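Here is how the chains run, residue by residue.
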Amino acid sequence: MQEGAWDVTQLEEMTGCRLWPSSRLEATRSVAPIGALYSPLRKLPPNCAPPSALPYDPVRCASATCHAVLNPYCQVDFRSKLWTCPFCLTRNHFPPHYAENITESNLPAELIPQYMTCEYELQTVPDQGPPCFLFVIDTCSNAKEELA
């Protein structure tokens, strides 16, 4: 493997996601933003995700334009019971049921580094039946790309 490259196949096995660019060199040469390929409903190894769906709604960023979900990449201040969103850098308070019990040795499933993929059983959304999958293919290209 080239220096600076990430092992995308190992990451895909653990999370069900493949991200682009997959190396630092690719990232410096890329003119397009990052991309992702996600495999929904994929069975993940037991050490890579919680054993069952989390029976509560996700904790979301309070920013009006962000709403990202609490994840292992968030910075956590255990003394003040705050977490910082890695996308918009907003400092958020933990909900009371998290704040009561969270410590560096007692983390919720969302903050365990190995659990990069979590499934939630949403309590606020009624069951809508089986999932629906939408496949999107971007067919936009400029004249130079069409000639290549």
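Computed from a predicted model, the values in this text were never measured in an experiment.

Draft legend 1. Just the confidence of the model for the protein, in detail. The predicted model of the protein averages 80 in pLDDT, with 78% of residues at 70 or higher. Mean pLDDT values for the elements of the protein range from 66 in strand E1 (residues 17-20) up to 96 in strand E5 (residues 91-93). Throughout residues 1-5 the model reports pLDDT below 50, and contacts reaching past four residues in sequence, or to other chains, amount to eight contacts.

Draft legend 2. A nonpolar patch on the surface, seen in detail. Nonpolar side chains collect at one region of the surface, where Leu 41, Phe 133 and Phe 135 lie side by side and expose about 390 Å² of accessible area between them. Structurally, Phe 133 can be placed in the loop between helix H3 (96-99) and helix H4 (143-147). Classification of Phe 133 by relative accessible area gives partly exposed; the value is 40%.

Draft legend 3. Summary view of unusual backbone geometry. The backbone of His 67 shows a phi angle near 60 degrees, a positive value even though the residue is not glycine. Mapping His 67 onto the fold places it in the loop between strand E2 (35-38) and strand E3 (75-77). By relative accessible area, which is 41% here, His 67 ends up partly exposed. At Lys 81, a position not held by glycine, the phi torsion is positive, near 60 degrees. For Lys 81, the location among the structural elements is in the loop between E3 and strand E4 (82-84).

Draft legend 4. Region of interest: the side chain of Glu 110. Looking at the secondary structure, you find Glu 110 in the loop between H3 and H4. One buried charged residue, Glu 110, forms no salt bridge at all, with the nearest opposite charge on Arg 60 at 10 Å. Of note is the side chain of Glu 110, whose polar atom sits 3.4 Å from the side chain of Tyr 120. Setting aside residues up to four positions removed in sequence, Glu 110 forms contacts with Leu 54, Tyr 56, Leu 70, Asn 71, Pro 72, Tyr 98, Cys 118 and Tyr 120.

Thresholds, definitions, all that
In this convention, every chain numbers its residues from 1, walking through the sequence in written order. Residues qualify for local features only when their pLDDT is at least 70, as the model is predicted, and side-chain atom pairs are given and counted only at 80 or more; totals for whole chains, interfaces and linings, by contrast, use all residues. With hydrogens and water set aside, each side-chain value is computed from the structure's full complement of heavy atoms. What pLDDT conveys is the predictor's confidence in a given residue, as a value from 0 to 100. Runs of H or I in DSSP of at least four residues are treated as helices and runs of E of at least two as strands, each being numbered from the N terminus. Whether two residues are in contact is decided by their heavy atoms, any of which lying within 4.5 Å being enough. Patches in this entry comprise residues that are over 30% relatively accessible and not in a salt bridge; like charges within 9 Å are linked, as are nonpolar side chains (Val, Leu, Ile, Met, Phe, Trp, Tyr) within 5 Å. Note on areas: Shrake-Rupley with a 1.4 Å probe; residue coverage comes only from the protein chains shown. A side-chain nitrogen of Lys or Arg and a carboxyl oxygen of Asp or Glu constitute a salt bridge if their distance falls within 4 Å. For each residue, the accessible area found with a 1.4 Å probe, counting protein chains only, is set against the maximum for its type, and the residue is called buried under 20%, exposed over 50%, and partly exposed in between. The convention is simple: Lys and Arg are positive, Asp and Glu are negative, and His and the chain ends are not counted. We call two N or O atoms a polar contact when they sit within 3.5 Å, provided that within protein one can donate a hydrogen and the other can accept it, with sequence-adjacent residues counted only if both atoms are side-chain atoms.

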